[in-house]
Amino acid sequence: MSAAQPMEEALAGVLARVLGPGELRDLVRLTGGATKATWSFDWAGGNDRQSLILQQTAPRAAPAGGHAKSAPKLTAGEDAALMTVARDAGIPAPEVVHVLAPDDGLGDGYVTRRVEGETLGRRIVGDAAFGAVRPHLASQCGEILAAIHRLPAGRLPFLAMLGAAEELSIYAGLLEPLGFVHPAMSYAVRWMRERLPPDDRAGVVHADFRTGNLIVDPTEGIRCVLDWEIARIGDPMHDLGVLCTRSWRFGGAGACGGFGSREDLYAAYERASGVSVDPRRVRFWEAMSNLKWAIACVRRGLATQPDGRPAGVELAAIGRRLEEPLWDFMQLATIRD
Amino acid sequence: MPAFVPHAATLLQAAAIDLEREVLPALAGPPRFRARIILNVLRLVARELAQAPRADAAERERLQALLGSGGDALPPLRADLAARIDGGGLPLDDEALLAHLAASLREALAINSPGWAQEP
């Protein structure tokens, strides 16, 4: 708590400059680690009260070596610019109020308007409160994804182009320094390498569009798409594969996000985009999504604190989820058609 | 192993029951969330103590048959299989390979995530 006071003062100073005089109310830290945190608060000035979110992001590390391409990660400014372009296109992305500047004293990040709704996957796919809207979510996802994929790349020059082969080599490369050997992981990497699709389609790809990163309202459905920071230019089918990954269904029955059917997702996407969905191409990206989550599980499971002790139990326990995506990968890899 | 009383599995079970019935109800917010993770970890380790010996023996037997090797230690056997997969020495549709990978993942999931391999 000792660090909270200067943070509050810095935040109040920024808000006074950007929004005019007022008072900081109900500051709550929603998530966070040492260099990355999400805060919720209100700014009460005169006779209005604005509900806001502060996202503090870790500063982007300089690429190591310079020879190998690293996983795409937008700076806070780029992330905010992308969300603004997305909103201009009618996509429900966070509305950016302010991008933090060095003088703000709050590190990297941005302030956005808070959107009310549910992000917890288990509630969205299971709670009775979402029963009425659930059948509509898959179609909504298809429409939103079609809109993301046709965003004007010319206004987003900071987005990196990332082909399937690069994606695979970047993420598989994360395993090498860990010295982690697992036959099913080897199988997954080779299976992907032997099935790389041609890089013949390119659009703006969110790359983390899934249950957990969507704010859902019990009557309106999807009100906001969050977490744009690994967006890139790539194969649009990537986004459909991520959305259908079983690890992101939170126990829900529907292949699409745990809430809907693949058929509804594909049909809505095709109607909205005019592009036909290639189920095998989606399956490739769903397999990639499983492989990437498996690699993330290994990295979290082996994470250590600076003094060498294991990281917190939450991270450590994620290491034991490794076999979930590997099992799902093998199911996808052995479908006969 | 010394003739401990109680056995590690019993101690873990006692700790898990206590945490769930006596500690969790008194907690709220982030500490409650963390305590639930710790409870799951205790149960996971209890399953590992009970199931790992049989899972290891089954994996060893399959690996020795698949690789035609007589070594007993699992890490080098696994590394050998991984190297043959990486190097292209084994076809990806090899039935014995697929059966081995599925069985090993199923055994691990029975410890780490019971039910995952049964659901669709």
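Keep in mind that this is a model prediction, so the values were computed, not measured. (Residues numbered from 1 in each chain as written. Chains lettered and ligands numbered in written order. Predicted model: local features only at pLDDT ≥ 70, side-chain atom pairs only at ≥ 80, totals over all residues.)

Secondary structure assignment for chain A yields eleven helices and nine strands. For chain A, with 337 residues in total, the buried portion stands at 39%. (Helix = DSSP H or I, 4+ residues; strand = E, 2+ residues; numbered from the N terminus. Buried ≥ 20, exposed ≤ 12 C-beta atoms within 10 Å, placed from the backbone.)

Quick look at the packing of helix α6 (residues 183-193) of chain A against helix α3 (residues 74-86) of chain B now. Remark: α6(A) packs on α3(B), axes separated minimally by 8 Å, with the N-to-C direction vectors making an angle of 5 degrees. Judged by the angle between their axes, α6(A) and α3(B) are roughly parallel. Across the interface between the two elements, A:Pro183, A:Ser186, A:Tyr187 and A:Arg190 of α6(A) pack against B:Arg78, B:Leu81, B:Ala82, B:Ile85 and B:Asp86 of α3(B). (Axes fitted to C-alpha atoms, helices over the stretch in contact; angles between N-to-C directions. Parallel < 35°, antiparallel > 145°, perpendicular 65-115°, else oblique. Contact = placed C-beta atoms within 7 Å.)

Looking now at α3(B). Residues and elements named next belong to chain B. Its 13 residues give α3 an end-to-end C-alpha distance of 18 Å, which sits within 8% of 18 Å, the value for a rise of 1.5 Å per residue. Among all positions in α3, only Leu77, Arg78, Leu81 and Ile85 are buried. Considered in projection along α3, the buried side chains sweep an arc of 100 degrees and stay on one side of the axis. Two residues or fewer after α3 comes Gly88, characterised by a positive phi angle close to 85 degrees. (Expected span 1.5 Å × (residues − 1). Arc of directions from axis to C-beta.)

Backbone geometry follows two general trends: most residues other than glycine have a negative phi, and most peptide bonds adopt the trans configuration. The amide bond that connects B:Val5 to the next residue, B:Pro6, takes the cis arrangement and shows omega of -5 degrees. Here B:Pro6 lies in the segment before α1 (8-23). The phi torsion at A:Asp26 lies on the positive side, around 55 degrees, for a residue other than glycine. Position of A:Asp26 relative to the elements: it lies in strand β1 (residues 23-32). Assessed through the 10 C-beta atoms surrounding it within 10 Å, A:Asp26 is described here as exposed. One non-glycine residue, A:Asp227, adopts positive backbone phi at about 55 degrees.

What follows is about helix α4 (residues 134-149) of chain A. Residue and element names in this part refer to chain A. Its 16 residues place the ends of α4 23 Å apart at the C-alpha level, agreeing with the 22 Å of an ideal helix rising 1.5 Å per residue. In terms of burial, α4 is largely enclosed, as twelve of its 16 residues are buried. Those residues of α4 that sit buried are Arg134, Leu137, Ala138, Ser139, Gln140, Cys141, Gly142, Ile144, Leu145, Ala146, Ile148 and His149. Looking at the buried positions of α4, the neighbouring elements they touch are α2 (76-88), β6 (203-205), β8 (221-225), α7 (237-243) and α8 (262-273).

So, about the nonpolar core. All names here are of chain A. In terms of nonpolar packing, the biggest core is built from 88 residues, with Ala188, Leu265, Leu291, Ala294 and Leu326 touching the most fellow members. In terms of residue count, helix α9 (residues 279-301) provides more of this core than any other element does, ten residues in total. Shared between two domains, this core holds at least three residues of each, these being domain 1 (20-114) and domain 2 (118-337). Apart from residues lying up to four places away in sequence, Leu291 is in contact with Tyr171, Ala188, Val189, Met192 and Phe329. (Core = buried A, V, L, I, M, F, W, Y, C linked by C-beta atoms within 7 Å. Domains from an automatic or database assignment.)

With that settled, the discussion passes to the pairing of strand β5 (residues 108-113) of chain A. Residues and elements named next belong to chain A. Most of β5 is tucked away: five of the six residues are buried. For strand β3 (residues 48-57) and β5, the ladder comprises six bridges, and the chain directions are antiparallel. Bridge pairing links Leu54 to Val111 in β5. Relative to β5, strand β4 (residues 96-99) is paired through three bridges, and the arrangement is antiparallel. Along β5, the bridge assignment pairs Val96 with Thr112. (Pairing = 2+ DSSP bridges.)

Residue-level contacts link 19 residues of chain A with 23 residues of chain B. Among the elements that line the side of chain A that touches chain B, the one with the most residues is α6(A), at six residues. The residue inventory of the side of chain A that touches chain B, partitioned by class, reads ten nonpolar, three polar and six charged. (Nonpolar A, V, L, I, M, F, W, Y, C, P; charged D, E, K, R; others polar.)

What follows covers the domain arrangement of chain A. All names here are of chain A. What the domain assignment lists for chain A is domain 1 (20-114) and domain 2 (118-337). A C-alpha centroid distance of 23 Å is found between domain 1 and domain 2. Listed by partner, the interface residues are 19 residues for domain 1 and 23 residues for domain 2. Looking at the side of domain 1 that touches domain 2 residue by residue, the classes come out as 13 nonpolar, two polar and four charged.

All names here are of chain A. Where α9 contacts helix α11 (residues 323-333), the axes come no closer than 8 Å and their chain directions differ by 160 degrees. As far as their axial angle goes, α11 and α9 are roughly antiparallel. Like other packed secondary-structure pairs, α9 and α11 cross with a definite hand, here left-handed. Along the contact surface, α9 presents Arg283, Glu286, Ala287, Asn290, Leu291, Trp293 and Ala294, while α11 presents Pro325, Leu326, Asp328, Phe329, Leu332 and Ala333. Broken down by class, the residue content of the contact of α9 with α11 amounts to nine nonpolar, one polar and three charged. (Left-handed = near helix turned anticlockwise from the far one by under 90°.)

Right, let's talk about the confidence of the model for chain B for a bit. For chain B, mean pLDDT is 94; residues scoring 70 or higher make up 98% of the total. Across the interface, the model reports ipTM at 0.95; the global pTM reads 0.93. (pLDDT = per-residue confidence, 0-100.)

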